[in-house]
Amino acid sequence: MALDFPNDRTLSRAAMKAELLDAETERQLAYAWRDDRDEAALHRLITAYMRLAISMASKYKRYGAPMNDLIQEASLGLMKAAEKFDPDRGVRFSTYAVWWIKASIQDYVMRNWSMVRTGSTSSQKSLFFNLRRVQARLEREAMARGEELDRHQMRRTISTEIGVPLHDVEMMEGRLSGSDFSLNATQSAEDEGREWIDTLVDDGAQSAEIVEERHDREALRAWLLEAIGSLNDREQFIIRERKLREPPRTLESLGNELNLSKERVRQLEAAAFTKMRKQLETRSDEVHELLS
């Protein structure tokens, strides 16, 4: 599903005119999309919260990204939130959507800041978006006290303020202050035209790693099949149609076929997952070892 508007101004005007949903209407729309894949309900839910996405996108204009692109990424985050939102948890959609919108925008900004990936962990993201701001504040405060922080003191204080390791501060500072250059550039005149790319080590998976990964995948598949085998025929059918089929069947269509209510199908699905979880727990140590 896409929201097509000519430009960000038109989109902003349309978003401001969108309806404000109360909690009950919001929940019913979320149920309609989750259980029945009702695209009209999804469109209404997303349109109502586009103003939130646009507002969050505007806060990242200072990173030099086009506003249209920021709004597009915010919209993608909003749609991901709608796809994964569970109305049964009792949380408002706007509260849940903020995380997905922010993550989508920040990933886009970091991908486009440099040709080299700036970072992807939570501490690296926190540093990327807060390092300069915290650094400027610390410099102002030190100046007001008549003090001067040396480089090491500044990095150590930033590390404490943001709550990340000192090494990460040093690494991010270097990345933000550096610039991109071509790997096809020659190292020096004395190297007879040797390029930087010639010094790179192949980090592709080795044959032993490929075999080990294949073995782990096959083991996990066998355990999942064993867990599904612990279900009765009706439970297996529901799990297969709801989780192993593209697109997944709706609760309503399964209920019609099985002559059950949607709620009863939902209960059977939950019970089946509980059985599978208990079956997998018998191999908890092996599963944990594979996934850790």
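Note: the structure precedes this text.
Residues numbered from 1 in each chain as written. Predicted model: local features only at pLDDT ≥ 70, side-chain atom pairs only at ≥ 80, totals over all residues. Heavy atoms only, no water.

Colleague: Honestly, the overall build of the protein in this entry has me stumped. Any pointers?
Modeller: From N to C terminus, the protein includes 14 helices and zero strands. Its helices and strands taken in sequence order, the protein reads α-α-α-α-α-α-α-α-α-α-α-α-α-α from the N to the C terminus. The 292 residues of the protein split such that 33% are buried. Of all intrachain contacts in the protein linking residues separated by at least 6 positions in sequence, the fraction that spans at least 24 positions is 59%. (Helix = DSSP H or I, 4+ residues; strand = E, 2+ residues; numbered from the N terminus. Buried < 20%, exposed > 50% of the residue type's maximum accessible area, 1.4 Å probe, protein only. Contact = heavy atoms within 4.5 Å.)

Colleague: I tried to follow the pattern of salt bridges on my own but got confused; where do I start?
Modeller: Where charged atoms of side chains with opposite charge meet at close range, the side chains can pair. According to the stated counting rule, one finds 18 salt bridges in the structure shown. Its salt-bridge partner being Asp 35, residue Arg 266 comes within 3.4 Å of it at the nearest N-O pair. Here Arg 266 is found in helix α13 (residues 262-281), whereas its partner Asp 35 is found in helix α2 (residues 23-36), with 231 residues between them in sequence. When salt bridges that share partners are traced, they join Arg 34, Asp 35, Asp 86, Asp 88, Arg 89, Glu 263 and Arg 266 into one network. (Salt bridge = Lys/Arg side-chain N within 4 Å of Asp/Glu carboxyl O.)

Colleague: Help me understand the nonpolar core in this model?
Modeller: Most often, soluble globular proteins keep nonpolar side chains buried together rather than apart. Counting 48 residues, the largest nonpolar core has Leu 70, Leu 78, Phe 93, Ile 105 and Val 109 as its most contacted members. Contributions of two or more residues to this core are made by α2, α3 (39-48), α4 (50-58), α5 (67-84), α6 (93-113), α7 (122-144), α8 (151-162) and α9 (166-177). Per element, the largest residue contribution to this core is eight residues, and it comes from α6. Among residues more than four places away in sequence, those in contact with Val 109 are Tyr 60, Tyr 63, Leu 70, Phe 128 and Phe 129. (Core = buried A, V, L, I, M, F, W, Y, C linked by side-chain atoms within 4.5 Å.)

Colleague: Explanation requested: the packing of aromatic side chains in the structure shown.
Modeller: The geometry of an aromatic ring pair is captured by two quantities: the separation of the ring centres and the angle between the planes. As enumerated under the stated definition, the model contains four aromatic pairs in all. Geometrically, the ring pair formed by Phe 85 and Tyr 96 is tilted, given 5.5 Å between the ring centres and 50° between the ring planes. One end of the pair, Phe 85, is in the loop between α5 and α6; the other, Tyr 96, is in helix α6, and 11 residues separate them in sequence. Given the relative accessible area of 6%, Phe 85 is considered buried. By relative accessible area, Tyr 96 is classed as partly exposed at 26%. Between Trp 99 and Trp 100, the aromatic rings sit 5.1 Å apart at their centres with planes inclined by 80°, giving edge-to-face as the arrangement. Here Trp 99 falls in the exposed class, since its relative accessible area comes to 56%. The class for Trp 100 is buried, based on a relative accessible area of 19%. In textbook terms, an aromatic cluster arises when at least three aromatic residues are bridged by ring pairs, as seen for Tyr 49, Phe 85, Phe 93 and Tyr 96. Geometry around Trp 33 places Arg 37 over its ring, the cationic atom sitting 4.1 Å from the centre. (Phe/Tyr/Trp six-rings, centres within 6.5 Å; stacked < 30°, edge-to-face > 60°. Lys NZ or Arg CZ within 6 Å of the ring centre and 35° of its normal.)

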